Amino acid sequence: MPNDQFPWVKNYEQRVSENLSYPEISLSEMLENTTANYPDNLALVFNGENITYSRLLNLVNRLATALHALGVKKGDRVAIMLPNCPQWVIGYFAVLKLGAIVVQTNPLYVERELEYQFKDSGAETIIVLDSLLGRIANIKEHTALKRVISVSLTEQATNKDSLAFASLLEEYPPDPPAVSIDPKEDIAIFQYTGGTTGTSKGVILTHYNLIVNVLQAQTWLPVRQGEERFLSVLPLFHVYSMTLNNNLAVFLGGSQYLLPKFDLYTVLKVINDYKPTMFFGAPSIYIAVINHPSVADYDLKSINYCVSGSATLPVEVAQRFGEITGGTLVEGYGLSEASPVTHINPFDGNARIGSIGLPLSDTIAKIVDLETGTIEMPPNEAGELIIKGPQVMKGYWNMPDETSTTLREGWLFTGDIAKMDEDGFFYIVDRKKDVIISGGLKTYPKEVEEVLFEHPKVMEAAVVGIPDPAKGEVVKAFVVLQAGQTATQKELITYCRQKLAPYKVPRLVEFCESLPKSNVGKVLRKALREKA
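Remember, it's a predicted structure, so these values are computed and weren't measured experimentally.

A. Structural view of the overall build of the protein. Looking only at helices and strands, one finds 16 helices and 26 strands in the protein. The C-alpha atoms of the protein give 23 Å as radius of gyration, which agrees with the globular expectation for 532 residues (24 Å, within 12%). The principal-axis extent of the C-alpha atoms belonging to the protein is close to 70 × 55 × 50 Å. For the protein, buried positions account for 57% of its 532 residues. Here the contacts in the protein between residues at least 6 apart in sequence split such that 66% fall between residues at least 24 apart. By element, 49% of the accessible surface of the protein is carried by carbon and sulfur atoms, the whole surface being about 21500 Å².

B. Spotlight on the confidence of the model for the protein. In this model, the protein carries a mean pLDDT of 90, and residues with pLDDT of at least 70 account for 93%. A low-confidence stretch, residues 1-17 (pLDDT under 50), is modelled with 36 contacts involving residues beyond four sequence positions or located in other chains.

C. Spotlight on unusual backbone geometry. Residue Pro340 is bonded to the preceding Ser339 through a cis peptide linkage, with omega at 5°. Here Pro340 is to be found in the loop between β13 (328-334) and β14 (341-344). Positive phi outside glycine occurs at Lys275, with the angle close to 65°. Mapping Lys275 onto the fold places it in the loop between α10 (264-274) and α11 (283-291). Located in the positive-phi region is Asp362, a residue other than glycine, with phi close to 65°. If you trace the backbone, Asp362 turns up in the loop between β15 (358-359) and β16 (364-368). A residue is classified by how much of its surface remains accessible, and Asp362, at 14% relative accessible area, is buried.

D. Structural context of the nonpolar core. Leu56, Trp88 and Tyr92 are the most contacted members of the largest nonpolar core, which totals 93 residues. It is helix α3 (residues 53-69) that contributes the most residues to this core, nine residues altogether. Setting aside residues up to four positions removed in sequence, Leu56 forms contacts with Leu31, Ala43, Leu44, Ile51, Val89 and Ile90. Core analysis: the next-biggest nonpolar cluster, separate from the first, contains 54 residues, Ala249, Leu268, Met278 and Phe280 among them.

E. Inspection of the sheet that holds β13 at higher detail. Ordered in space as β12-β13-β14-β15, the four strands form an open sheet in which the pairing is mixed. A single partner strand is all that each edge strand has here, and the edge strands are β12 (305-308) and β15. Two strands pair when backbone bridges link them, and β12 and β13 are joined in this way by four bridges, in the parallel orientation. Paired with Cys306 across the strands is Leu329, a residue of β13.

F. The arrangement of the pairing of strand β24 (residues 458-468) in detail. Counting buried residues in β24 gives nine out of eleven residues, a clear majority hidden from the surface. Sheet topology places β24 next to strand β25 (residues 472-481); ten bridges connect them, and they run antiparallel. Across the sheet, residue Gly465 finds its bridge partner in β25, namely Val475.

G. Looking closely at the sheet that holds strand β5 (residues 125-129). The mixed open sheet is built from eight strands, whose spatial order is β7-β6-β5-β3-β4-β8-β9-β18. Pairing within the sheet leaves two strands with one partner each, and these edge strands are β7 (163-164) and β18 (395-396). Across five bridges, strand β8 (residues 187-192) lies against strand β9 (residues 202-206) in antiparallel orientation. Paired with Phe190 across the two strands is Ile204, which belongs to β9.

H. Focus on the pattern of salt bridges. Scanning all chains against the criterion turns up 24 salt bridges. The residue Arg352 makes a salt bridge to Asp421 at a minimum N-O spacing of 2.8 Å. You can see Arg352 sitting in the loop between β14 and β15 and its partner Asp421 sitting in the loop between β20 (411-420) and β21 (426-431), a full 69 residues away along the chain. On the accessibility criterion, Arg352 (22% relative accessible area) is partly exposed.

I. Looking closely at the packing of helix α2 (residues 27-37) against helix α9 (residues 239-252). It is the contact of α2 with α9, at a shortest axis distance of 8 Å, that shows an interaxial angle of 40°. With respect to α9, the axis of α2 lies oblique. Counting all contacts with α2, which are made through Leu27, Met30, Leu31 and Thr34, the residues of α9 involved are Asn247, Val250 and Phe251. In terms of residue class, the contact of α2 with α9 is made up of five nonpolar, two polar and no charged.

What counts and how
Residues numbered from 1 in each chain as written. Predicted model: local features only at pLDDT ≥ 70, side-chain atom pairs only at ≥ 80, totals over all residues. Heavy atoms only, no water. Helix = DSSP H or I, 4+ residues; strand = E, 2+ residues; numbered from the N terminus. Rg over C-alpha atoms; globule rule 2.2 N^0.38 Å. Buried < 20%, exposed > 50% of the residue type's maximum accessible area, 1.4 Å probe, protein only. Contact = heavy atoms within 4.5 Å. Areas by Shrake-Rupley, 256 points an atom, 1.4 Å probe, with all protein chains shown as cover. pLDDT = per-residue confidence, 0-100. Core = buried A, V, L, I, M, F, W, Y, C linked by side-chain atoms within 4.5 Å. Pairing = 2+ DSSP bridges. Salt bridge = Lys/Arg side-chain N within 4 Å of Asp/Glu carboxyl O. Axes fitted to C-alpha atoms, helices over the stretch in contact; angles between N-to-C directions. Parallel < 35°, antiparallel > 145°, perpendicular 65-115°, else oblique. Nonpolar A, V, L, I, M, F, W, Y, C, P; charged D, E, K, R; others polar.

Here it is, written out as structure tokens:
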């Protein structure tokens, strides 16, 4: 339980009695409020173009007017299938201004995935990168899509089967209709889960869910109103980047430097030249930065604060990144079903390496047994992490059974195995589905991966269970070595034997050039299991 040494940790009863309140505004109202306060602040920087808040709002209003004229109305679903670019931000706020629902769509999706998502969501409109129009054309007749709006990031493109985004901004005035939005009830986003553990599910997030999460993050992070500069390299169609880059930047009146994809040289150059103060990323990004052979040639000292999400942050990475930049890199935690942030480590020097930190304001978390989900576990005992808070989703779209399994009596069952120490800090042990059971004994992949990561020749490692006729499962490790290094399977297995119980030691080690990852750097264990 919390103690007096850590006053920011509050127990369940204290949090409930506080009855914290949040402004009941829509996301489009958030943009309007910021524009009124910081009209001349830079909102977006992209490919040499600077867009102030006053211009951004004007463009949002123009597109909202156009969408309304095309027939988009409150409650309609509009898919946005774009990389990080101004058109994503403009489209996002224009759709929300009409009370319509943004269907977050990954540009890497293949036709089968797109068809499923559009059928499930009922999207009738899509804003899509022109180079991806072929995929949409191949599935359109199997979906409810009626309107295709194409975006060109180079020169004005023409396509007889789509409307040009740029032309709509020119043709329509910034005079959209007034739409009444109930922030607590009206849906803002369908955020589809990655589907790495099963069928992709449409997470229903309201305006209130997302506004609350921005304010929770803002009160936790040592940010300055109107002054922060965000490096948005994680894709904005992912909920983590949508909230901590786009929504938080807009709430603060800060600026976003938008990068459409992760390129290490570009990231280092942008940090050197643009001087971002906030750099939200994933461990794979920070690993790439600290291992760049010429990292010392770049000035990275502008970075003040970073939160690593989407995957476990190795201890050595956090320490080395801090040494190089002078900034503070801490681990946080969240999931699509919670808008997404629920935990972040403190930035006041009390962060605990290896921990996801503490629950955000008005967020309650506890550890329960894996079998029934009803017994609260004592400190330092592993179980399933469950969460309650105003940022938790309404449910899954068209999936009542999955909703009732995940949301129980107001608690969000995360599917992650975690533990809490005596001071209220939480630690992710592993995904519930990823636990390896060998001879009846449980091995958590994260523990083995941390040991492998300590080996000086190892750059990245991922562990999965593979079938074994005698033990049920045994541990297999996939390892990416540091540049120029060589190692043998025997060498790494011997190293692990010195640090792990015998049943946790990898039986096999496979060396590879890279690990399969999602677009936000999460290792795809399912792909590794299939490969194994």
